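# Structural description and commentary
The primary structure of each chain is shown beneath.
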Amino acid sequence: MHRATIVVPAFNVSATLADTLMSLKNQTYQDFEVVIVDDGSTDATKQVAEPFLDDRRFWYVHQANRGLSGARNRGITEASGEFIGFCDADDMWHPDKLRRHVKHFDNKPNVGVSYAGSQMIDSHGRKLTIRQSPRLRNVTAAHILKRNPIGNGSSAVIRRAVFDDIAYVHHDAYNAFSYFDETFRQSEDIECWMRIALLTDWAFEGIRGALTYYRVAAEGLSSATERQLDSWENVIAKHRPLHPAFFARHEAAARAYQLRYLARRAISNGDGVAARAYLKRAWASSREPIWAEPIKSSITAAAAQAARFLKIEPPAQKALVKAPVPRLRHRSQPHIHSIIKGDSYE
C-alpha cells in the first residue's frame, strides 16, 4: 500500500515511455506506485516498460484499446493510493512534483485537485520557450470552464476521495464505475474537471512552478480543430442540465475563449482563413476575452491579419501566436491555453 499512485496511460509510446517512467522513478517523494496501463499498443511499449517492473512499485496492465479516458479509468480502478496523479507516456514530471503535491494536500484538506504549471518540450525532450502559467488560487467553476487552469492531464494530482464522489455507472462503461467519461475522445479532461466543480465541494488549487514537462509533437498541432470544437460543445451539452443558471451566465464567454484558442491553433497550423473565422465567431459569442485579456486577444487578431495580408509562413505565424504576453497581474494571471494532444495521447 502506497500513499500515492501515478497512472501512466500508454498507447504506442515506445519512443518516449522510458523517459516518462524514469522521471517518475526519480521522484524525491518515494511512497508511490506507478500503474502503466497499456491501452492496446501494437509497438514495443510492453518491452520498454519491462525493465522498470523490477521495481515492485511499478506494475503493468494491458487492455484492449479504450482511449485515454478508458486507460485512466483502469488505472484509477487498480490504484491503491490516497492521491492519484496522471502522467501521459510522452510527458515527464519534475523530480520534486509529487512531494510538493502531497505536502499541498496535507496542508490543505479542502483541496481535492492540486496542479501546477507546465514547461513545454519538443519531440526530443528539449525545453521550448513556452510555459503554462495557470491561475493558482480562488479557482471557480467559471474559471475552469473558460480557461481550464489545470492546463493538461499530466499536471493534476487528485485525491482518491474526489473520484469516489464523482464515480458513476455509464451504459457504455467497461468497468463498474467510470470517472472519466469514455464516450469522449477529446475534451475528456475538462469534462471531468467540470463534473468535480459542479457536483462536489472540493477546491481546485495550484502550486507554484512548472512541474510537468509537456511534450508538443509537431504532428500533434495539426489535428482537426472543428472536431475539437464539437467535443467541447458536447461537454457543454452534457453539463448544462446540471446547472442551467451557471451556463446561462458563463457559456457564451466560455465559447468565445474556446474559439479564440482554436484561432491561435489555426494560426500555428498556417491557416489564417480559419483563424479569422474563429475570431469572428468568438467575438459574436462574447467580447469578454477582449476586455479581460486585451493583449492576448490583440496578438491573436494581429497574427490572423498578418497571415492574410503579409502571407507569413506557418513557422513565423506560430512565433507570433506564442510571443510572450507581458505579466500585468500576478496570482490572477489568466491561464494560457494548452495544446490538446487528442485521442492518440500526442
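Just so you know, these numbers come straight off a predicted model, no measurement behind them.

Conventions adopted
Residues numbered from 1 in each chain as written. Predicted model: local features only at pLDDT ≥ 70, side-chain atom pairs only at ≥ 80, totals over all residues. Heavy atoms only, no water. Buried < 20%, exposed > 50% of the residue type's maximum accessible area, 1.4 Å probe, protein only. Helix = DSSP H or I, 4+ residues; strand = E, 2+ residues; numbered from the N terminus. Arc of directions from axis to C-beta. Phe/Tyr/Trp six-rings, centres within 6.5 Å; stacked < 30°, edge-to-face > 60°. Lys NZ or Arg CZ within 6 Å of the ring centre and 35° of its normal. Salt bridge = Lys/Arg side-chain N within 4 Å of Asp/Glu carboxyl O. Pairing = 2+ DSSP bridges. Right-handed = clockwise from strand over helix to strand, strands pointing away. Axes fitted to C-alpha atoms, helices over the stretch in contact; angles between N-to-C directions. Parallel < 35°, antiparallel > 145°, perpendicular 65-115°, else oblique. Contact = heavy atoms within 4.5 Å. Nonpolar A, V, L, I, M, F, W, Y, C, P; charged D, E, K, R; others polar. Core = buried A, V, L, I, M, F, W, Y, C linked by side-chain atoms within 4.5 Å.

### Details of helix α4 (residues 97-107)
Taken residue by residue, α4 has K97, L98, H101, V102, H104 and F105 as its buried positions. Projected down its long axis, α4 carries its buried residues within an arc of 155 degrees, all on one side.

### Regarding the packing of aromatic side chains
Scanning the model with the defined rule gives nine aromatic pairs in all. Between the aromatic rings of F163 and Y179, the centroid separation amounts to 5.8 Å while the plane-to-plane angle is 80 degrees, which identifies the pairing as edge-to-face. Here F163 is found in helix α6 (residues 160-166), whereas its partner Y179 is found in the loop between α6 and α7 (188-199), with 16 residues between them in sequence. For Y179, a relative accessible area of 6% puts it in the buried group. Considering the side-chain rings of F246 and F247, the 5.1 Å spacing of their centres and the 90 degrees angle between planes classify their relative orientation as edge-to-face. The pair F246 / F247 is uniform in exposure class, with both members buried. Lying over the aromatic face of F32, R57 brings its terminal NZ or CZ to 4.4 Å of the ring centre. Here the basic side chain of R72 rests over the ring of F86, its NZ or CZ set 5.7 Å away from the ring centre.

### Section: the pattern of salt bridges
Taken as a whole and judged by the stated rule, the model has 22 salt bridges. A salt bridge links R66 to E182, with the nearest nitrogen and oxygen atoms 2.8 Å apart. Highlighted residues: R66 in the loop between β3 (58-63) and α3 (67-78) and E182 in the loop between α6 and α7, separated in sequence by 116 residues. No difference in accessibility class separates R66 from E182, as the two residues are buried. In this structure, E293 and R147 form a salt bridge, with 2.8 Å as the shortest nitrogen-oxygen distance. Within this pair, whereas E293 is found in the loop between α11 (288-292) and α12 (294-309), its partner R147 is found in helix α5 (residues 141-147), the two being separated by 146 residues in sequence.

### A few points about the pairing of strand β2 (residues 32-39)
The buried count for β2 comes to eight of eight residues, which makes it a mostly enclosed element. Where burial is concerned, the two faces of β2 agree: the one with F32, V34, I36 and D38 and the one with E33, V35, V37 and D39 are both buried. When strand β1 (residues 4-10) meets β2, the two strands line up parallel, connected through seven bridges. When the bridges of β2 are listed, V8 appears paired with I36. The parallel pair β1 and β2 is bridged by helix α1 (residues 17-25), and the resulting crossover is right-handed.

### Section: the packing of helix α9 (residues 244-268) against helix α10 (residues 272-285)
Taken N-terminus to C-terminus, the directions of α9 and α10 make an angle of 170 degrees; their axes are 8 Å apart at the nearest point. Here α9 lies roughly antiparallel to α10, going by the angle between them. Mapping the contact onto sequence places A252, R255, A256, L259, R260, L262, A263, A266 and I267 in α9 and A274, A275, Y278, L279, R281, A282, W283 and S285 in α10. Of the residues assigned to the contact of α9 with α10, the class counts are 13 nonpolar, one polar and three charged.

### As for the pairing of strand β6 (residues 111-121)
Look at any regular strand and the pattern is simple: side chains alternate between the two faces of the sheet. Most of β6 sits out of view: eleven of its eleven residues are buried. Note that β6 and strand β9 (residues 203-215) share ten bridges and pair parallel. What sits directly across from M120, in β9, is Y214. Sheet analysis places β6 next to strand β7 (residues 127-132), joined by three bridges and oriented antiparallel. Paired with Q119 across the bridge in β7 is R131. The loop that links β6 with its antiparallel partner β7 comprises five residues; one of these, G125, has a positive phi angle of about 85 degrees.

### As for the nonpolar core
One finds F163, W193 and F204 to be the most contacted residues of the largest nonpolar core, which totals 55 residues. Of all hydrophobic cores here, the second largest spans 26 residues; its members include V34, Y60, C87 and A89.

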